[in-house]
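# Coordinates in review
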Amino acid sequence: MRYYIGLDNGGTATKAALFDSRGRELGSYGISTRSLHLKPGFVERDMEEMWEANCTVVREVLRATGIDPADVAGLGISGHGKGLYLWGKDNKPLRGGIISTDNRAWKYVRDWKEDGTEDKAFALSCQHLMSCQPAALLAWLRDHEPENYRQIQYVFACKDYVRFRLTGEARAEITDYSGSGLMNLKTGEFDRKLLELFGIEEIWDALPPLCRATELCGAVTEEAAALCGLKAGTPVIGGMFDINACAIAAGVTDPDKLCMIAGTWSINEYIRKEPVLDGSVQMNSLFALPGYYLIEESSPTSAGNLTWFVRQIIPELEQQVKATGESVYDLIDDSVESVPPEEFVPIFLPFLMASNVHPNAKGCLIGVSSAHTREHIARSIFEGVTFCHRCHYERLMATGRPKPTVIRLAGGAARAAVWAQMFADVMQVPVETLEANETGALGCAIAAAVAAGEYASLDEAVANMAAFSPPYLPDPAKADIYNRKYHLYVRAIQCLDGLWDEVQSLADLEHKA
């Protein structure tokens, strides 16, 4: 029997899962990923600590399953997109890795929109600019850390850095780098003209050679094998941006289906043969399945807000349930279910990390009264996150695509039946969840199985390795109340639009003090 390992480097956790050739998850292991909030809008992680975390989870999943490392036929890595992981000319991590919830470069994006740079870039990259993209972060680094900027040997995305540490080979896998702002989507290559537009042409030689998701991109080195427990020589594939990995695991290999990922980010995506070029969607990128573009609407506004609620607002409850072996998230699910949709709960704007409406928008609870309980606030968070996904969903539908036959839901929301049903009721589309616990890892394992010759294509591998829940069917009787709540959500955002820059100015002043 041959086995496949998927590594998933998300915004809040590092995980490894081991699968057999039928997609059965034989074991998984994860650890929390420490984020460094250096100051407002700055979010980093220690790159050496991140590498050690990847070694730990691989070693532990092998130990837990008892699988002989010699039987691992391939490994694939997924990771959060955007952000910036730099390798220095001294053959060490150059500085802290910048993750995808970082907003330090927001002024660059604002200025590029105002002076027409974004329009010129869109003609080549087919995407709007974001403050967490390498394009903006490299420009920030040029101006604020010039010494580090001069010492860049390689510009990596999250998972490409991990693969480099495993194999010693620097490669740039296209699903990640096609969302970097540095690639011409019409040619599928890096473009010097884009670097010149952003004033970062000096980093051209630091962009690694391109590769594809299912391409073999090296093998585990002796040094890495000693750290992670794999056999030296184990094949490693290009891997993919985690939203591609989740889409593959969700069986999105044709344009009829739509995938939503409710994790740290609100990811909403489908595939098509041509990019959307009218500027109506946030992002076009190259998909893991050759010949397709991934059409994406996204923002860091999803289930990560619930994690904040648990860790920052009700930490004592989490500690209490640990003693009984219960899950605090199961208790929250029960709390949400105890409050009917018809009951008014505060409007929650899920902008604790960043926003999809204004670069400086912040999280809010609007309409709180003394009658509201913790149960009401929990439902507020569920509804606010779901409404933010609907905002993105409506932008995708405005591209003229037909209504999807099904939405495949992954991430934290997919693990709660009450939340999955809410997605179905708010979108009024059937929702299926994935049976695999570690969706991103499964997508990488599927791709590794193709690269190893287990299956002839991604379509065949998906048919044999992916499984889904019975659908959550939308309740037409709930459409009206959710539509009314959604209208209030949108109106609240509109009313607050003129406030955010003043809020940010005060926050900046307080930090300087």
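Above this text sits the structure in question.
In this text, all values refer to a predicted model and were calculated from it rather than measured experimentally. (Residues numbered from 1 in each chain as written. Predicted model: local features only at pLDDT ≥ 70, side-chain atom pairs only at ≥ 80, totals over all residues. Heavy atoms only, no water.)

### Describing the overall build of the protein chain
Within the protein chain one finds 19 helices and 24 strands. For the protein chain, the C-alpha radius of gyration of 22 Å lies close to 24 Å, the compact-globule estimate for 513 residues. Across its three principal axes, the protein chain shows a C-alpha extent of roughly 60 × 55 × 45 Å. Of the contacts made within the protein chain by residues no fewer than 6 positions apart, 71% connect residues no fewer than 24 positions apart. When the 48 positive and 68 negative side-chain charges of the protein chain are each reduced to one mean point, those points stand 2 Å apart. (Helix = DSSP H or I, 4+ residues; strand = E, 2+ residues; numbered from the N terminus. Rg over C-alpha atoms; globule rule 2.2 N^0.38 Å. Contact = heavy atoms within 4.5 Å. Lys, Arg positive; Asp, Glu negative; His and termini not counted. Charge placed at Lys NZ, Arg CZ, Asp CG, Glu CD.)

### Regarding unusual backbone geometry
For residues other than glycine, phi is negative in most cases, and the peptide bonds are mostly trans. If you check the backbone angles, Lys-82 has positive phi at about 60° while not being a glycine. Summarising the element assignment, Lys-82 is placed in the loop between β6 (72-79) and β7 (85-88). For Lys-82, a relative accessible area of 7% corresponds to the buried category. Here Gln-428, not a glycine, exhibits a phi torsion of approximately 55°, which is positive. Secondary-structure assignment places Gln-428 in the loop between α15 (417-427) and β24 (431-433). (Buried < 20%, exposed > 50% of the residue type's maximum accessible area, 1.4 Å probe, protein only.)

### Remarks on the environment of Met-422
Mapped onto the elements, Met-422 comes out in helix α15. In the structure, Met-422 is positioned 77 residues away from Val-345 in sequence and 15 Å away in space, judged by C-alpha atoms. Not counting chain neighbours up to four residues away, the residues in contact with Met-422 comprise Val-336, Arg-379, Phe-382, Glu-383, Thr-386 and Tyr-482.

### As for the environment of Arg-45
Here Arg-45 lies in strand β5 (residues 42-45). Its relative accessible area of 2% is what places Arg-45 among the buried residues. For the pair Arg-45 and Thr-33, spaced 12 residues apart in the sequence, the C-alpha separation amounts to 8.1 Å. Ignoring sequence-local partners within four residues, the contact set of Arg-45 consists of Gly-10, Gly-11, Thr-33, Arg-34, Ser-35, Leu-36, Met-50, His-80, Tyr-85, Gly-96, Gly-97 and Ile-99.

### Concerning the sheet that holds strand β23 (residues 406-411)
The mixed open sheet is built from six strands, whose spatial order is β19-β20-β18-β17-β23-β24. Edge strands, defined here as strands with exactly one partner in the open sheet, are β19 (283-286) and β24. Going from strand to strand, the sheet's axes swing by 30° on average, the running direction of each strand aside. Bridge count between strand β17 (residues 257-262) and β23: six bridges; the pairing is parallel. Each bridged residue has a counterpart across the sheet, and for Ile-261 the counterpart in β23 is Ala-410. Against the sheet, helix α10 (residues 242-249) engages β17, β18 (266-272), β19 and β20 (293-299), with an angle of about 125° to β17. (Pairing = 2+ DSSP bridges. Axes fitted to C-alpha atoms, helices over the stretch in contact; angles between N-to-C directions.)

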